[in-house]
Amino acid sequence: MAAVLLSKSERAYIQSSLKATPPLRADGRGLLDFRTVLLETGVAPLANGSARLNIGKMAREGGGGTEIVAAAKLEVEDVESGDGVDGGRVACSVTCSPAAYPHLSSNALDELQHDLSVILQQTIGHPSLHPRNLTIIPRKKSWLLNLDAVVLADAGNVVDALFMAARAALWDAKVPRTRAVQYRAPEALKSAKNDVPGAMDVDEGTSGFDTRDMARTAADFELPDYWDEGETLDGREKWPVCVTLNLLTPRHFLDATPAEEASVPQRLHLMFSFVPSAPPTLQAMRLLGPEELDLKDLKESIAFGEQYAKELFTALETKLREEDNRRNIKARDRFALMR
Amino acid sequence: MSSRIEILNDGGFRSDGRKQYELRDITIDLSQQGTADGSAMITHGLTQVLVTVFGPREAKMRSQTLHDRAVLNVEMSVAPFSTGDRRKRSRADRRILELSAMIASTFEPVVQTTLYPRSQIDIYIHVIQQDGSLLPACINATTLALITAGVPLHDFVCAVTGGVHSTSPLLDLTTLEENDVPHMTVAVMPRTRKVTLVTMETRLHVERFRELFELACEAGQTIHKEMKAAVKERTVALVGAIDAGSKPGVVDERDRDVFMGESI
Amino acid sequence: MICFASFPATSDASGSYGTTRHHPDVEDDVRMDLDEDDFEEGVQRLTVPGESITSSHAFMRGHGTYVDDEEVIASVAGTVERVNKLITVRAVRSRYNPEVGDLVVGRITEVQPRRWKVDANSRQDAVLMLSSVNLPGGVQRRKLESDELQMRTFFEEGDLLVAEVQAFFADGAMSLHTRSLRYGKLRNGQLVTVPPILIRRLKSHFVSLPCGVDLILGLNGYIWVSKHVKQSDQEGEEGFDAEAVYSNKNDEIDDATRAAIARVSNIIKVLASHFVPLTDAVLLEAYEWAVDQENSVKDLLADETGENLVASIGLGIRP
């Protein structure tokens, strides 16, 4: 996404290699090959769900790759005071590190992160994807789900990476179990509150207790069990994935490097959601670049995109379940050690 | 909220089970990140900071260059999810600008900037997680990142926080402790034992200050050892790889004609 | 088509430190002595910033050192080198430190009056003066005003070139020249970047591999991988052909050559990620291994293949 300086002959070389039969990319990949994606969930213990993702990192001292850390964090909002919305809401933000774009001015960086925030917010925050379990007490309290992503390095294909990281963080997010309580005496709540700092797991710590409006509201909630991380977000299978088709008519290819991004006239971002036992839905779409695209070609591209997105989705899902397993085993081992 | 937590109990243990002078675990990762010239990820307990260094390189804005030395540009970003309460800070946030300025002035006398007139050295700090001792973690990571980038320094800069609970000094404070006891941050250069930064935003009795200050300087030496070990380990590994590549067998071959494909 | 993996465990990479808790009262002598062995004769000595190397009475300080209190002290982490009385420390990783006569590959960042600014991975952008390039219509002709007006027809922003370091300005910026038939604009290939320390000063930095691939190993860590061009073609029949020298058009490149260029590029990336110094011999050996293995080009970037490649030539970072 960043403007990379490229000479005319480099650009011509990349284009002619992509158009050759069989096509060949600078690093030997096929048109539809992704670079290796590294993924780890649960990287930020202070968040309710988090993930770190890297596309295309080289081994050992090689570095490189597009690297993103995403985290989901829940906050209690008061519906009656007008801060929150009944049923909860989702807010997304993207921060781009100047290290990822060392040649951009800070204004350009702000624009870029605003742009990425908007794509993420419009897609992830769409009502059709809204999780149903963000209500704490109907019409009184609800959760605000903050999804924050930090782009630490950009080696191309940042939008796909962003959505993968977002999906992983949301997949990992746990909503604390709550129990509505009647307001009687302050002591009961005080004693419950004091457990928070002592608890090892700070995930649901401070945000779980918003006692500002205690006096006005007759009913509040408590967390029945501090050791339980809570339940997963409702409909976590639905969170979309993005595939970016880099269009070099008549061909298209996936997972472009910065040099490749600078060499193609058009890019098409497609965000698909795959709900089990329902047809896939196209949640968002964005066409970037100076050229125009035929409607017929667009339809075709969407059909291809759906197919690639499905593959991406399946692979990501497998990896996420692996991560869940890995961390369960790790947690169990640690528990066994403590006893 | 902190009043209910015992900062130091009768057994001499702190809320996280440490002794008075005990430092938290430090882990250091100096491997290459992205396209940076140097980078370091450091964790002090739950506080985690990633620093990437670019440069010395051509200054982005020519008007800001200095004709006799390089400019140190420190930019800091704090991940919104790094704290217990989510808080998104913009890059122009006062607190962040203040911390950046403090870090820049800490390194100003340490980096040999006069070797690179008209250049710029960019230091990008990412706070991934915070649980107290944020400024020391940033300073320590910056030192390491500058070293991995090959930027000449007079010495390491090693920082640590210290606080006083009634009359007992504590080292390497967590957020919980920082909220409750008067504390300060000290950064030292281990070889000369010179201090490049002392900052305190709370009140502390003069007599306690002296004791705590000396203790913090000593702790800086301990942190120096960890940092030095990490740098050495990486240097040994990389130099080893280079040496293996320059072993005699390979060197000899170097002298033959390089145009091997000439016959084609 | 897409495959996921896990991040390498950092605890492995960072080794043994950080596993125990530390206490300012407890002196950890073991670690203090780590470096003492390195001081023996003939053994390479490593140092870190702030470490005293020797007395300043007997020796002179060079790059990577400074003098304080009659001691020569290191300012970077790397190897101590001694030439007679001169002590220098070479950083294990840094930006490119140019020397006159070095061959570099650079990219034009800006066109200014009578000069180009060139990114060459150094402390400042290098300068290429209009008077330091060969102009069309004879090597030795006078520069005209019209040349100044059409500087972009020679080099424009983004163009890659190979040049030699000619001199330094007072502020340390380097000035380049392309006044040789082997220097000038680069075409027919792609750029790979590696840490500059991995490129050693060789007899020649123009390397031709038998697979029809030419390499230009810029000492600044920029490597140009391109289709092999015969020496005679390059120089042209009439000695200097401005059209060809400043052309932006690539020649016809067949698929086999493109595949070879991609393979060589990947090999360079793998070797660099394992911190193997790049010489023509090492590159040739690695290329032969890669062809023997019958790997596809992209497989080379898989971690395991990379490890095997580096192991096969017996180099790389020791675990």
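Remember, predicted model here, so these are calculated numbers, not experimental data.

J.: Where do I start with the overall build of chain B in this structure?
T.: Helix and strand counts for chain B stand at 5 helices and 9 strands. In chain B, the succession of α and β elements from N to C terminus is β-β-β-β-α-β-α-β-β-α-β-β-α-α. When the 264 residues of chain B are sorted by exposure, 55% land in the buried category. Of the contacts made within chain B by residues no fewer than 6 positions apart, 70% connect residues no fewer than 24 positions apart.

J.: Any chance you could explain the overall build of chain A here in plain terms?
T.: When its secondary structure is counted, chain A shows 7 helices and 14 strands. By residue count, 45% of the 339 residues in chain A fall in the buried class. In chain A, of all internal contacts separated by at least 6 residues, the share reaching a separation of at least 24 is 74%.

J.: Looking at this structure, I do not really get the nonpolar core. What am I missing?
T.: A general tendency of soluble globular proteins is for nonpolar side chains to be buried together. Counting residues in hydrophobic clusters, the biggest one holds 237 residues, and the most contacted among them are Leu 162 and Ala 165 of chain A. At 14 residues, the largest contribution of residues to this core is made by helix H4 (residues 206-245) of chain B. The contact partners of Leu 162 of chain A, leaving out residues within four places of it in the chain, are Ile 68, Val 94, Leu 116, Leu 120 and Ala 149 of chain A.

J.: Whenever I open this one, the confidence of the model for chain A confuses me. Can you help?
T.: The predicted structure's coordinates, where accompanied by low pLDDT, should not be read in detail. Within chain A, residue pLDDT values average 86, and 86% of them lie at 70 or more. Mean pLDDT in chain A bottoms out at helix H5 (residues 195-198) of chain A, which sits at 43, and peaks at helix H3 (residues 158-172) of chain A, which reaches 97.

J.: Sorry if this is basic, but what is going on with the UniProt feature "domain: Exoribonuclease phosphorolytic" (unreviewed entry) in chain B here?
T.: Taking the numbering used here, the UniProt-annotated feature "domain: Exoribonuclease phosphorolytic" (unreviewed entry) corresponds to residues 22-152 and 155-219 of chain B. Overall, residues 155-219 of chain B shows 31% helix and 40% strand. The separation of its end C-alpha atoms is 16 Å.

J.: For this particular structure, what's the right way to read the interface of chain A and chain C?
T.: Bring the parts together and some accessible area is lost; that lost area is often taken as the interface size. On the side of chain C, 39 residues touch chain A, which itself brings 35 residues to the contact. Those elements that provide at least two residues to the side of chain A that touches chain C are helix H1 (8-19), strand S1 (37-41) and helix H7 (295-338) of chain A. Of all the elements, H1 of chain A adds the most residues to the side of chain A that touches chain C, at 7 residues. Bridge count between S1 of chain A and strand S1 (residues 4-5) of chain C: 2 bridges; the pairing is parallel. Residue pairing in the sheet places Val 37 of chain A in a bridge with Phe 4 of chain C of S1 of chain C.

J.: Please explain the pairing of strand S6 (residues 71-74) of chain C as it appears in this structure.
T.: On any regular strand, side chains alternate: one points to one face of the sheet, the next to the other face. All names here are of chain C. Looking at chain direction, strand S3 (residues 52-55) and S6 are connected through 3 bridges and run antiparallel. Within S6, the position partnered with Ser 52 by the bridge is Ile 73. Direction of pairing for strand S5 (residues 65-68) relative to S6: antiparallel, over a ladder of 4 bridges. Among the inter-strand pairings, Thr 65 is bridged to a residue of S6, identified as Ala 74. Hairpin remark: S5 followed by S6, antiparallel, with 2 residues in the connecting loop; positive phi at Asp 69, about 55 degrees.

J.: Would you mind showing me how to read the confidence of the model for chain B here?
T.: Residues and elements named next belong to chain B. The pLDDT averaged across chain B works out to 88; a share of 92% of its residues lies at or above 70. In the model of chain B, helix H5 (residues 248-254) stands out as the element of lowest mean pLDDT, 38, in contrast to helix H2 (residues 134-148), which has the highest, 97. Contacts of residues 248-264 to residues separated by more than four positions or lying in other chains number 26 contacts, the stretch itself having pLDDT below 50. Model confidence for the complex: the whole-complex pTM is 0.90, and ipTM, which rates the interface, is 0.88.

J.: Would you take a moment to explain the sheet that holds strand S15 (residues 189-193) of chain C for this structure?
T.: Remark on secondary structure: sheet strands pair via backbone hydrogen bonds, oriented parallel or antiparallel. Residue and element names in this part refer to chain C. Read across the sheet, 4 strands follow the order S15-S18-S17-S16 without closing on themselves; strand pairing throughout is antiparallel. The sheet terminates laterally at S15 and strand S16 (206-209), the two strands that pair on one side only. Adjacent strand axes in the sheet meet at a mean angle of 20 degrees, parallel and antiparallel pairs treated alike. Two elements, S15 and strand S18 (residues 222-227), share 5 bridges in a ladder whose sense is antiparallel.

J.: Is there a simple way to explain helix H9 (residues 303-312) of chain C in this structure?
T.: Turn by turn, an α-helix covers 3.6 residues, leaving residues three or four places apart pointing in a common direction. Residue and element names in this part refer to chain C. Residues of H9 that are buried: Gly 306, Leu 309 and Val 310. When H9 is viewed along its axis, its buried side chains cluster within an angular range of 95 degrees and face the same direction. Pointing more than 90 degrees away from the buried face of H9 are the exposed residues Glu 304 and Ala 311. On the buried face of H9, the contacting elements are helix H7 (255-273) and helix H8 (280-292). Residue Gly 314 follows H9 closely and has a positive phi angle near 70 degrees.

J.: What exactly am I supposed to notice about the sheet that holds strand S7 (residues 78-83) of chain C here?
T.: Residue and element names in this part refer to chain C. The 4 strands are arranged S2-S7-S8-S4 in an open sheet whose pairing can be described as mixed. The sheet is open, and its two edges are formed by strand S2 (46-47) and strand S4 (60-61), each paired on a single side. Strand direction decides the pairing type here: S2 and S7, joined by 2 bridges, are antiparallel. Directly across from Thr 47, in S7, lies its bridge partner Gly 78.

J.: Sorry if this is basic, but what is going on with the UniProt feature "domain: Exoribonuclease phosphorolytic" (unreviewed entry) in chain A here?
T.: Mapped onto this numbering, the UniProt entry gives "domain: Exoribonuclease phosphorolytic" (unreviewed entry) at residues 33-176 of chain A. End C-alpha to end C-alpha, residues 33-176 of chain A measures 39 Å, and it is 24% helix and 35% strand.

J.: Please explain unusual backbone geometry as it appears in this structure.
T.: Glycine aside, a negative phi is what most residues show, and trans is what most peptide bonds show. Pro 250 of chain A follows Thr 249 of chain A through a cis peptide bond whose omega is 5 degrees. For Pro 250 of chain A, the position within the fold is in the loop between strand S11 (241-248) and strand S12 (251-253). Here Gly 55 of chain B and Pro 56 of chain B are connected by a cis peptide whose omega angle stands at 0 degrees. Mapped onto the secondary structure, Pro 56 of chain B falls in strand S3 (residues 47-58).

J.: So what exactly am I meant to see when it comes to helix H1 (residues 94-107) of chain B here?
T.: All names here are of chain B. The end-to-end C-alpha distance of H1 is 20 Å, a good match for the 20 Å that 14 residues give at a rise of 1.5 Å each. Taken as a whole, H1 has its buried residues at Leu 99, Ser 100, Ile 103, Thr 106 and Phe 107. Looking down the long axis of H1, one finds its buried residues gathered within 125 degrees of arc, a one-sided arrangement. Opposite the packed face of H1, turned more than 90 degrees from it, sit the exposed residues Arg 94, Glu 98 and Ala 101. The elements touched by buried residues of H1 are strand S4 (71-78), H2, strand S8 (183-189) and strand S9 (194-200).

J.: When you look at the packing of helix H2 (residues 106-124) of chain A against H3 of chain A in this model, what are you seeing that I'm missing?
T.: If you want to describe how two helices pack, look at the angle between their axes and the distance between the axes. Residues and elements named next belong to chain A. Relative to each other, H2 and H3 sit at 45 degrees, their axes nearing to 11 Å. For the element pair H2 / H3, the angle class is oblique. Every pair of crossing elements has a handedness; the one defined by H2 and H3 is right-handed. Where H2 abuts H3, its residues Leu 116, Ile 119, Leu 120 and Ile 124 lie against Val 159, Leu 162 and Ala 166. Of the residues contributing to the contact of H2 with H3, the split by class is 7 nonpolar, no polar and no charged.

Rules used in this analysis
Residues numbered from 1 in each chain as written. Chains lettered and ligands numbered in written order. Predicted model: local features only at pLDDT ≥ 70, side-chain atom pairs only at ≥ 80, totals over all residues. Helix = DSSP H or I, 4+ residues; strand = E, 2+ residues; numbered from the N terminus. Buried ≥ 20, exposed ≤ 12 C-beta atoms within 10 Å, placed from the backbone. Contact = placed C-beta atoms within 7 Å. Core = buried A, V, L, I, M, F, W, Y, C linked by C-beta atoms within 7 Å. pLDDT = per-residue confidence, 0-100. UniProt positions renumbered as here; feature names shortened; annotations may be inferred. Pairing = 2+ DSSP bridges. Axes fitted to C-alpha atoms, helices over the stretch in contact; angles between N-to-C directions. Arc of directions from axis to C-beta. Expected span 1.5 Å × (residues − 1). Parallel < 35°, antiparallel > 145°, perpendicular 65-115°, else oblique. Left-handed = near helix turned anticlockwise from the far one by under 90°. Nonpolar A, V, L, I, M, F, W, Y, C, P; charged D, E, K, R; others polar.

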